[in-house]
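Here is how the chains run, residue by residue.
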Amino acid sequence: MVKLPEFLKTDCYVGGKWVAASSDKRLDVTDPATGDVLASVPRMGAEETDAAIAAAHAAFPDWSSRTAAERALVLQKWASLVRAHADDLARLMTQEQGKPFAESLGEIEYAASFLSWFAEEGRRLYGDIIPPHRNDARILVTRNPLGVVGGITPWNFPVAMVTRKAAPALAAGNCMVLKPAEATPLSALAVAALGEMAGLPAGVFNVVTGAREDAPAIGKALVDSPLVRKIGFTGSTAVGKQLMRDCAGDLTKISLELGGNAAFIVFDDADIEAALDGIQVCKFRNSGQTCIAANRILVQESIHDKFVAALSARARQIQVGHGLEKATEMGPLVDERGLEKVERLVADATDKGAKIHLGGKRHEAGGTYFQPTVMTGVSTEMDLAHEELFGPVAAISTFRDEQDAISMANDTPYGLAGYFYSRDVGRIFRVADALEVGIVGVNTGLISTEVAPFGGVKESGIGREGSKYGIDDWTELKYICLAGLGAAA
Ligand code: NAP
């Protein structure tokens, strides 16, 4: 067992108390780079989730009746504590998730930014006064919290995905029950511990952990409870669709941040060095395990060979190793399942004619490391053109012209992010308009920020997180018709 900073917790946080599961069952949390056990957390199920929902329900009247400014003070303090403990949080994240320490530090700041941002946005939940339909009435519209809400988050951004949901939900006056991923519960519990230190009242934010086998029971308890008014989910499209079907039972609201299949288009008028920088960020960051990763790299025919040679030269330099080693630029994949998926997709592509220019195999470091890989000749017959790779594999195809690039990019049921590099102003507007996605990166591979709306179209999701829009889904409008005011005497 590693030594954890004293504010890190290994029990669940329910109703302001740190508690074990009623069965005493526990889940080992491991370092994906070494397989070492870091700690264990409770394996909870429906019974404990119901208790957490009850705690959140009990906390709601007080929390929702506080002023937005009072709630903002707690969220701002929470943000400061996250920033003050950034090094410890980042070290923990690197150990349980595998990403390099510098990337973990970046995610901690990104996570804190949602707490700061939504502390402020909560104070701007303005309503409306509408010109009435009759003289003796006034029409008021107010924006109100929903009540108890559920958050379900993935392992690839184990802190930022928590605060991107909790911050707007709590700022608007809701109380939350959060279920983090099996692989990364310690980061979520650490965030809860800092929330407690910041002065969150008991029951306002609750965390229920479990193993992969426990997730359906926890999810069902959240979805089926008449007290839970909304689920905010980030994860795979398959699970998101199942949750949405389940939510239909009692019409629980749901917002979904799901998988992607981003195209990264390099036109022949692009700044090639800038495009290579962009791929570095949105292909190899987090070992390619991001929903907005460049899944399909489309390069215009005339610059293909030059581009592939330059990308291979760059990718060959990537330092692979444990995320806590200073030189490391890329860590392992999160688990054996993820590694097997990447292997399967690479094998399928090479069987169908793709050519490997670099890598293509498990990394000599062992464990769940995979080599930075560059592959060309990718076509739509290959599985990786349709599935999220979630690995450090740059899969390249060519295109003829602008229309060809747009058709190829949109040839997917997903629509989260899309990227392209061009210096032609007319083309920039045409292609940005034509891409069927929620987020477009033009001449950049780095698009995530708390100030902009994040989310997808088509099968990549419903709703937006972050920005001034990201609080809307956590509120309900109420129309008040104030009549009987009489006509002026
Ligand atoms: P996942 O398997 O769908 O899991 C996501 C979360 O859902 C985890 O907490 C998981 O718990 C839980 N879960 C699984 N089955 C459930 C069920 N039946 N009921 C309730 N909860 C359930 O996805 P993942 O593999 O962890 O994450 C990767 C996916 O997330 C990728 O598709 C990626 O693109 C997507 N993602 C999207 C965004 C975005 O903003 N659009 C951001 C990040 C990631 P367990 O871990 O215990 O199974």
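Keep in mind the model is a prediction, meaning the values are calculated, not measured. (Residues numbered from 1 in each chain as written. Predicted model: local features only at pLDDT ≥ 70, side-chain atom pairs only at ≥ 80, totals over all residues. Heavy atoms only, no water.)

Our focus in this paragraph is the environment of valine 208. Mapped onto the fold, valine 208 is located in the loop between strand S9 (205-207) and helix H7 (215-224). Sequence-wise, valine 208 and alanine 111 are 97 residues apart; in three dimensions their C-alpha atoms are separated by 20 Å. With near-sequence residues (within four places) excluded, valine 208 lies in contact with Cys12, Met44, Thr49, Ala52, Val177, Leu178, Lys179, Pro180 and Ile218. (Helix = DSSP H or I, 4+ residues; strand = E, 2+ residues; numbered from the N terminus. Contact = heavy atoms within 4.5 Å.)

A word on the site of the ligand. Taken together, 30 residues lie around the ligand, and Thr153, Arg164, Ser236, Leu258 and Glu388 are the ones closest in. Taking arginine 164, its side chain carries an N or O atom lying 2.9 Å from an oxygen atom of the ligand. Within the complex, 91% of the 900 Å² of free accessible area of the ligand lies under protein. Those elements that place two or more of their residues in the shell around the ligand are helix H5 (160-171), H7, strand S10 (228-234) and helix H8 (237-247). Tallying contributions element by element places H7 first for the shell around the ligand, with 3 residues. No fewer than three residues from each of domain 1 (5-258 + 460-478) and domain 2 (262-442) sit in the shell around the ligand. (Near = heavy atom within 4 Å. Polar contact = N/O pair within 3.5 Å; in protein donor to acceptor, adjacent residues only side chain to side chain. Areas by Shrake-Rupley, 256 points an atom, 1.4 Å probe, with all protein chains shown as cover. Domains from an automatic or database assignment.)

To continue, consider the layout of surface pockets. Put simply, the second largest pocket is a space of about 290 Å³. Considering the residues around the second largest pocket, the lining is formed by 16 residues, among which Glu107, Tyr110, Phe157, Arg285 and Ser448 are closest to the centre. Elements supplying a minimum of two residues to the lining of the second largest pocket: helix H4 (101-121) and H5. By residue number, the principal contributor to the lining of the second largest pocket is H4, which donates 5 residues. For the lining of the second largest pocket, the per-class residue count stands at 8 nonpolar, 3 polar and 5 charged. For the lining of the second largest pocket, the domains that each give at least three residues are domain 1 (5-258 + 460-478) and domain 2 (262-442). (1 Å grid on protein atoms, 1.4 Å probe; cavity = no way out; pocket = protein on both sides within 12 Å on 5 of 7 lines; lining within 4 Å. Points joined across faces, edges and corners; volume = space filled by probe spheres on them. Nonpolar A, V, L, I, M, F, W, Y, C, P; charged D, E, K, R; others polar.)

The next point concerns the packing of helix H1 (residues 46-65) against H7. At a minimum axis separation of 8 Å, H1 and H7 run at an interaxial angle of 35 degrees. Viewed along their axes, H1 and H7 form a crossing whose handedness is right-handed. In this structure, H1 uses Ala46, Thr49, Asp50 and Ile53 to contact H7, whose residues at the interface are Ala217, Ile218, Ala221 and Leu222. The class makeup of the residues in the contact of H1 with H7 is 6 nonpolar, 1 polar and 1 charged. (Axes fitted to C-alpha atoms, helices over the stretch in contact; angles between N-to-C directions. Left-handed = near helix turned anticlockwise from the far one by under 90°.)

Okay, the sheet that holds strand S15 (residues 373-376) next. Pairing within the open sheet is mixed, and its 7 strands lie in the order S14-S15-S16-S13-S12-S18-S19. Edge positions in the sheet fall to strand S14 (355-358) and strand S19 (439-442), since each of these pairs with one other strand and no more. Going across the sheet, the axis of each strand differs from the next one's by a mean of 25 degrees, ignoring polarity. (Pairing = 2+ DSSP bridges.)

The next thing to look at is the nonpolar core. One finds Trp78, Leu170, Phe205 and Phe307 to be the most contacted residues of the largest nonpolar core, which totals 120 residues. Two domains each donate at least three residues to this core, and these are domain 1 (5-258 + 460-478) and domain 2 (262-442). In contact with tryptophan 78, not counting residues within four places along its chain, are Leu115, Leu170, Val191, Leu194, Gly195, Ala198, Leu200 and Phe205. Counting residues in hydrophobic clusters, the runner-up holds 15 residues, among them Val342, Leu345, Ala349 and Leu384. (Core = buried A, V, L, I, M, F, W, Y, C linked by side-chain atoms within 4.5 Å. Buried < 20%, exposed > 50% of the residue type's maximum accessible area, 1.4 Å probe, protein only.)

To continue, consider the UniProt feature "active site" (unreviewed entry) in the protein. The feature "active site" (unreviewed entry), as annotated in UniProt, sits at Glu257 in this numbering. A residue is classified by how much of its surface remains accessible, and glutamate 257, at 4% relative accessible area, is buried. If near-sequence neighbours (up to four positions away) are discounted, glutamate 257 is found in contact with Arg164, Phe233, Thr234, Gly235, Phe454, Gly455, Gly456, Ser460, Gly463, Arg464 and Glu465. (UniProt positions renumbered as here; feature names shortened; annotations may be inferred.)

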